[in-house]
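Tertiary structure, described
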Amino acid sequence: MKKKILISTVVIIMILSMSLMIFAGCKPKMDELDENFAIPTAHIGANGGKLSSDMVEGGIKSINSNMSAFDMLQVGMENFYNAKYATIEYNGGVFMTLAGFIQVEQVVQSTKIRDGVGDADGNNENGATYFADNKSHSAFAKLYEKFIIRPNEWTRKAVASKKNGDAADGKVSYTKPGKRGGRLGIWDVDKWGSVKSYDTLDALVTANSNNPTILWMYDLQEEFITDSRGPKYDETEKSYKFSFMFDPEKSTEEYQKVMLVQLESNAGMPIEGLKFKQLMLEVVLWENGMIRAINVSEIYHMKMVLAGTGIDSDVKLTATQLFSYDPNEEGYKINDHINAF
């Protein structure tokens, strides 16, 4: 029997119309698996290891040291979708070097909050309420969009987007992390576009090439694993950690179709030859089986067609996702975000 899991990550809105021209020719370094990777600090979700079983539909499915890394991942994802409240904080970006010494960075952040039991198929069959946002900022491109999804409501609004109804002339500013900007930095918007309502979840998904209930999707089958490390138990952190390299083409076949639409619509020009060269995941589970964090590293090649000329670029995106299951997590109370929509 074929063993398969679909892992959802947050949507990555890459506004690269100018950035990719600058990045053209840069070759990002391929990653190597390391079973001793550092466990991300639990800035959110620090109580995940002590989550009560009644916070997960059907109880928390347990893991043990005899499991393979892939089996642990399956259990972790099942617990995530069955959690009655779940938050993913995504923080990452594109990091490139121009001419061997000029550092260029594009920040990519996202929040996903779910109140209610989820489902991996992306149909919201359990009637959960979702808030999701996607934020991207560089010297050349900025975007901020928000979604609210309820059983009978599917809405979106955005700024600095070219889509009809969005505030294309709106401004998104970003203050980097630090004393003033805090851990994740500060985002400011001067003018939002109008709220766009859809008749169904499918209509929202089709119009935006994005399903906020599952967000981006990899196809992670056991036979697609090209290398792995772990599981390794960390006594101090009370967590298991493990990592994978997945076949970058087979695991992203459907993901590439959605990503191509996003890239072309945001860049405003054709994209050819989109091809993934690396997909690496570093996963951390609390010892009770709840996902604590996932580090993601993607490398892909693409050619932008500008005035009939193809510009080849290799792009690397790295990010850390932190998971929480606490409805009172500071900064991640879903009603606060919905009321500010």
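Overview of the structure. (Residues numbered from 1 in each chain as written. Predicted model: local features only at pLDDT ≥ 70, side-chain atom pairs only at ≥ 80, totals over all residues. Heavy atoms only, no water.)

**A few points about the side chain of Gln-109**
Position of Gln-109 relative to the elements: it lies in strand β3 (residues 102-115). Within the structure, Gln-109 has its side chain in polar contact with the side chain of Tyr-174 (distance 3.4 Å). Side-chain polar atoms of Gln-109 contact the side chain of Trp-187, separated by 2.9 Å. When residues no more than four places from it in sequence are discounted, the contact partners of Gln-109 are Tyr-90, Asn-91, Asp-133, Asn-134, Lys-135, Tyr-174, Leu-184 and Trp-187. (Helix = DSSP H or I, 4+ residues; strand = E, 2+ residues; numbered from the N terminus. Polar contact = N/O pair within 3.5 Å; in protein donor to acceptor, adjacent residues only side chain to side chain. Contact = heavy atoms within 4.5 Å.)

**Comments concerning the environment of Asn-288**
Locating Asn-288 in the fold gives a position in the loop between β13 (271-286) and β14 (291-306). Here Asn-288 falls in the buried class, since its relative accessible area comes to 16%. With 237 residues separating them along the chain, Asn-288 and Leu-51 place their C-alpha atoms 8.2 Å apart. With residues up to four places along the chain from it excluded, the contact list for Asn-288 reads Gly-48, Gly-49, Lys-50, Leu-51, Ile-60, Lys-61, Ser-62 and Asn-79. (Buried < 20%, exposed > 50% of the residue type's maximum accessible area, 1.4 Å probe, protein only.)

**Considerations on helix α2 (residues 69-82)**
Counted at 1.5 Å a residue, the expected span for α2 with its 14 residues is 20 Å, and the 20 Å between its end C-alpha atoms agrees. Along α2, ten of the 14 residues are buried, which leaves the element largely enclosed by surrounding structure. Among the residues of α2, those classed as buried are Ala-69, Phe-70, Met-72, Leu-73, Val-75, Gly-76, Met-77, Asn-79, Phe-80 and Tyr-81. (Expected span 1.5 Å × (residues − 1).)

**Some thoughts on the pattern of salt bridges**
Pairs may arise between side chains of opposite charge once their charged atoms sit close together. As enumerated under the stated definition, the model contains 13 salt bridges in all. With a closest N to O distance of 3.0 Å, Asp-166 and Arg-156 form a salt bridge. Highlighted residues: Asp-166 in the loop between β6 (153-159) and β7 (172-175) and Arg-156 in strand β6, separated in sequence by ten residues. Summarising the burial analysis for this pair, Asp-166 and Arg-156 share the class buried. Connected through salt bridges with shared partners, the residues Glu-145, Arg-156 and Asp-166 form a single ionic network. (Salt bridge = Lys/Arg side-chain N within 4 Å of Asp/Glu carboxyl O.)

**So, the nonpolar core**
Across soluble globular proteins, you tend to see nonpolar side chains buried next to one another. Counting residues in each nonpolar core, the largest one holds 49 residues, and the members touching the most others are Phe-80, Leu-281 and Tyr-325. When contributions to this core are tallied by element, the ones reaching two or more residues are α2, β2 (85-98), β10 (216-221), β12 (239-246), α4 (253-267), β13, β14 and β15 (309-324). Of all hydrophobic cores here, the second largest spans 14 residues; its members include Tyr-85, Ile-148, Ala-293 and Leu-322. (Core = buried A, V, L, I, M, F, W, Y, C linked by side-chain atoms within 4.5 Å.)

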